[in-house]
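Report on the structure
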Amino acid sequence: MAKRGIWRLTVTEGFCASHCLRGYEGPCENLHGHNFGVEVVVEGERLDPKVEYLIDFKKLRGKLREVLAAFDHRHLNEIAPFDVENPSSENLARFIYRELEKALDGEAARLVSVSVSEKEASKATYMEL
């Protein structure tokens, strides 16, 4: 039986923002900020026949930047849906995933996961099965 190949691409971006974690009962409940890191992974089985890539890195990064533009240099607790739900890394990853999935509709690359980090040493990853 022949094996099927797939390609996985990863791009990273970031944004600066403040937030407060409601109900945290610690210092993170207070206003504070981060240089958030965002990592996106896409995959697919078909390469563009002309250029032989899954999706242009520039195009993928551009779509991610469009999603992140609403957050950069803002207070996340004032932006829907985070005016109601906590702007945790987990919730940010899910929100970015769902927005980016819409932006990638019709592309050969399908979204695998979105990870958000507040520090280099830890990140939250969201994916849908």
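Presented here is a report on the structure given in the accompanying data block. (Residues numbered from 1 in each chain as written. Predicted model: local features only at pLDDT ≥ 70, side-chain atom pairs only at ≥ 80, totals over all residues. Heavy atoms only, no water.)

Some thoughts on the packing of aromatic side chains
- Scanning the model with the defined rule gives 6 aromatic pairs in all.
- Measuring from centroid to centroid gives 5.7 Å for Phe71 and Phe95, while their planes differ by 55°, and the two rings are tilted. With Phe71 in the loop between helix 1 (57-68) and strand 3 (74-75) and Phe95 in helix 2 (residues 89-103), this residue pair connects regions lying 24 residues apart in the sequence.
- Owing to a relative accessible area of 1%, Phe71 belongs among the buried residues under this scheme.
- Since its relative accessible area comes to 23%, Phe95 is described here as partly exposed.
- What links up through ring pairs into an aromatic cluster is the set Phe15, Phe36, Phe71, Phe82 and Phe95. (Phe/Tyr/Trp six-rings, centres within 6.5 Å; stacked < 30°, edge-to-face > 60°. Helix = DSSP H or I, 4+ residues; strand = E, 2+ residues; numbered from the N terminus. Buried < 20%, exposed > 50% of the residue type's maximum accessible area, 1.4 Å probe, protein only.)

Some details on the pattern of salt bridges
- Under the definition given, this model contains 11 salt bridges.
- Glu45 is paired through a salt bridge with Arg4; the nearest N and O atoms lie 3.2 Å apart. Taken together, the residues span a long stretch of sequence, with Glu45 in the loop between strand 2 (32-44) and helix 1 and Arg4 in the segment before strand 1 (7-19) at a distance of 41 residues.
- Judged by relative accessible area, which is 68%, Arg4 ranks as exposed.
- Two residues, Arg94 and Glu85, come together in a salt bridge whose shortest N-O distance is 3.5 Å.
- Residue class for Arg94 comes out partly exposed when judged on its relative accessible area of 27%.
- For Glu85, a relative accessible area of 26% gives the class partly exposed.
- Through salt bridges with shared partners, a single ionic network connects Arg4, Arg8, Glu43, Glu45 and Arg110. (Salt bridge = Lys/Arg side-chain N within 4 Å of Asp/Glu carboxyl O.)

Some words on the packing of helix 1 against helix 2
- At a closest axis distance of 10 Å, the pairing of helix 1 and helix 2 adopts a crossing angle of 130°. Classified by the angle their axes make, helix 1 and helix 2 are oblique. Helix 2 is crossed by helix 1, and the crossing has right-handed handedness. Facing Lys63, Leu64, Val67 and Leu68 of helix 1, the residues of helix 2 in contact are Ile96, Glu99, Leu100 and Ala103.
- Across the contact of helix 1 with helix 2, the residue classes break down as 6 nonpolar, no polar and 2 charged. (Axes fitted to C-alpha atoms, helices over the stretch in contact; angles between N-to-C directions. Parallel < 35°, antiparallel > 145°, perpendicular 65-115°, else oblique. Left-handed = near helix turned anticlockwise from the far one by under 90°. Contact = heavy atoms within 4.5 Å. Nonpolar A, V, L, I, M, F, W, Y, C, P; charged D, E, K, R; others polar.)

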